[in-house]
Amino acid sequence: MAALKRKALINTSSRLYDTLRRDLVSGRFKAGEKIAISALKVRYNVGLSPLREALNRLAAYGLLEQENQRGFRVPRLERAELDDIATMRRELEGMALQRAIERGDTMWESELLAAAHRLKRANDTPEHIEEWERLHAQFHRTLVAPCESAWLLRFIEQLHDQFDRYRRLAPEAPETRRLLDTQHGELVSLTLERKAVEARELLDDHIQRSYEIALVSFQ
């Protein structure tokens with residue numbers, strides 16, 4: 001019985017972690033906001049134990065800050081931090097892409113084409129922004145998947161979430177967005193042609209342009 005209860009707690013906590021993670025990245029909570037645990041219990045209809053476990057995981061992941069004996073707070077947005085995140089994205093994702101191009105097989109090529117196709121289709125329905133965000137993250141995840149480093153992929157995932165906290169607060173930039181969408185297709189073409197240097201240079205430019213959009217959130 002105790003084992004079943006523990007399993008149920010873990011499952012509930014994991015689902016809540018995923019939901020809170022999406023809400024924090026999408027800006028549902030304001031930067032610097034104090035998290036009221038009592039309000040979260042009502043909002044997500046969960047008990048205290050799975051909620052605290054999820055909050056502790058999010059604090060360890062970097063999407064929350066734990067305050068001694070005072071609960072949790074959403075991290076503030078800082079220009080210096082955004083600069084650091086963007087720099088690390090360029091370095092780590094560039095490395096991962098080069099490794100992926102060297103080691104990816106035909107199955108990966110098929111998965112990458114499918115991910116790019118789904119993302120392109122999502123561009124036709126801009127009102128479904130959360131679906132586009134999900135497919136966009138999936139595309140970038142697929143792009144570097146065969147790099148054969150679980151730690152590298154873990155760091156990249158964390159950097160993406162931190163970066164998106166800034167990017168999603170910035171106002172829309174339709175022209176830059178169209179260019180970024182075009183670059184997704186170009187990245188696929190260069191990757192399938194196994195042009196690692198050119199693909200990394202394009203990915204670097206892609207991240208830089210996204211960074212410039214995110215910078216607007218400070219203006």
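Rules behind the numbers
Residues numbered from 1 in each chain as written. Predicted model: local features only at pLDDT ≥ 70, side-chain atom pairs only at ≥ 80, totals over all residues. Heavy atoms only, no water. Helix = DSSP H or I, 4+ residues; strand = E, 2+ residues; numbered from the N terminus. Buried < 20%, exposed > 50% of the residue type's maximum accessible area, 1.4 Å probe, protein only. Contact = heavy atoms within 4.5 Å. Areas by Shrake-Rupley, 256 points an atom, 1.4 Å probe, with all protein chains shown as cover. Lys, Arg positive; Asp, Glu negative; His and termini not counted. Charge placed at Lys NZ, Arg CZ, Asp CG, Glu CD. Axes fitted to C-alpha atoms, helices over the stretch in contact; angles between N-to-C directions. Parallel < 35°, antiparallel > 145°, perpendicular 65-115°, else oblique. Phe/Tyr/Trp six-rings, centres within 6.5 Å; stacked < 30°, edge-to-face > 60°. Lys NZ or Arg CZ within 6 Å of the ring centre and 35° of its normal. Polar contact = N/O pair within 3.5 Å; in protein donor to acceptor, adjacent residues only side chain to side chain. Salt bridge = Lys/Arg side-chain N within 4 Å of Asp/Glu carboxyl O. Expected span 1.5 Å × (residues − 1). Arc of directions from axis to C-beta.

S.K.: Would you mind showing me how to read the overall build of the protein chain here?
M.R.: Looking only at helices and strands, one finds nine helices and three strands in the protein chain. Counted from the first residue to the last, the protein chain has its helices and strands arranged as α-β-α-α-β-β-α-α-α-α-α-α. Taken along the three principal axes of its C-alpha coordinates, the protein chain extends 55 × 50 × 30 Å. Per-residue burial for the protein chain yields a buried fraction of 42% across its 219 residues. Restricting to contacts in the protein chain with at least 6 residues of sequence separation, those with at least 24 account for 77%. With the model as given, the accessible surface of the protein chain reaches about 12300 Å², and the carbon-plus-sulfur share is 51%. Counting 36 positive and 35 negative side-chain charges, the protein chain places the averaged centre of each group 8 Å from the other.

S.K.: So what exactly am I meant to see when it comes to the packing of helix α5 (residues 106-122) against helix α8 (residues 174-192) here?
M.R.: When two helices pack together, their arrangement is given by the angle between the helix axes and by the axis-to-axis distance. Running from N to C, α5 and α8 cross one another at 170°; their axes reach a closest spacing of 10 Å. On the basis of their axis angle, the class for α5 and α8 is roughly antiparallel. On the side of α5, the interface is formed by Trp108, Glu109, Leu112, Leu113, Ala116 and Leu119, while α8 contributes His184, Val188, Thr191 and Leu192.

S.K.: I keep staring at the environment of Leu77 and nothing clicks. Help me out?
M.R.: Position of Leu77 among the secondary structure elements: in the loop between β3 (71-73) and α4 (79-103). When neighbours within four sequence positions are excluded, Leu77 is seen to be in contact with Ala31, Arg165, Tyr166, Leu169 and Phe218.

S.K.: Just to check I follow, could you spell out the packing of aromatic side chains for this structure?
M.R.: Ring pairs (aromatic) are described by centroid distance and by the angle formed between their planes. A full pass over the atoms with the stated rule returns two aromatic pairs. Relative to Tyr61, the ring of Tyr17 has its centre 6.4 Å away and its plane inclined at 75°; by these criteria the two rings are edge-to-face. Within this pair, whereas Tyr17 is found in helix α1 (residues 2-26), its partner Tyr61 is found in helix α3 (residues 48-61), the two being separated by 44 residues in sequence. Side by side, Tyr17 and Tyr61 carry an identical accessibility label, which is buried. Between Trp151 and Phe155, the ring centres sit 5.7 Å apart and the planes meet at 40°, which makes this aromatic pair tilted. Taken as a pair, Trp151 and Phe155 lie in helix α7 (residues 150-167) at a separation of four residues, close to a single helical turn. Over the ring of Trp151 we find Arg154, and its NZ or CZ is 4.3 Å from the ring centre.

S.K.: Sorry if this is basic, but what is going on with the side chain of Glu67 here?
M.R.: Structurally, Glu67 can be placed in strand β2 (residues 65-67). There is a polar contact of 2.7 Å between the side chain of Glu67 and the side chain of Arg73. When near neighbours in sequence (up to four residues on either side) are disregarded, Glu67 contacts Lys34 and Arg73.

S.K.: It is not clear to me how the environment of Trp108 should be interpreted in this structure. Could you clarify?
M.R.: By the secondary structure assignment, Trp108 is in helix α5. Separated by 54 residues in sequence, Trp108 and Ala54 have C-alpha atoms that sit 32 Å apart. Aside from chain neighbours lying at most four places away, what touches Trp108 is Ala100, Ile101, Thr142, Leu143, Pro146, Thr191 and Arg194. A distance of 2.7 Å separates a polar side-chain atom of Trp108 from the backbone oxygen of Thr142.

S.K.: What is the right way to read the pattern of salt bridges from this model?
M.R.: Opposite charge on two side chains permits pairing when their charged atoms draw close. Scanning the entire structure with this criterion turns up 18 salt bridges. A salt bridge links Arg134 to Glu131; the nearest nitrogen and oxygen atoms lie 2.8 Å apart. Here Arg134 and its partner Glu131 are both found in helix α6 (residues 129-144), three residues apart, which amounts to about one turn of the helix. Glu157 is paired through a salt bridge with Arg141; the nearest N and O atoms lie 3.2 Å apart. Here Glu157 is found in helix α7, whereas its partner Arg141 is found in helix α6, with 16 residues between them in sequence. Classification of Glu157 as partly exposed rests on a relative accessible area of 23%. Among the charged side chains, a network of salt bridges with common partners joins Glu130, Glu133, Asp164, Arg167 and Arg168.

S.K.: Explain the side chain of Gln183 to me, please; I cannot follow it from the model alone.
M.R.: One can find Gln183 in helix α8. In this view, Gln183 contacts Leu202, Asp205, His206 and Arg209; residues no more than four positions away in its chain are not counted.

S.K.: In this structure, what is going on with α5? I would like to understand it.
M.R.: Residue pairs three or four apart in sequence face the same way in an α-helix, which turns once every 3.6 residues. Spanning 17 residues, α5 covers 25 Å between terminal C-alpha atoms, matching the ideal 24 Å at 1.5 Å per step. Three or more residues of α5 are buried, namely Trp108, Glu109, Leu112, Ala115, Ala116, Leu119 and Ala122. In an axial view of α5, the angular spread of the buried residues amounts to 150°, which keeps them on one side of the axis. In α5, the exposed positions that point more than 90 degrees away from the buried face belong to Thr106, Met107 and Arg121. On its buried face, α5 sits against α4, α6 and α8. Two to three positions downstream of the cap, the backbone nitrogen of Met107 sits 3.2 Å from a side-chain oxygen, assigning the N-cap of α5 to Asp105.

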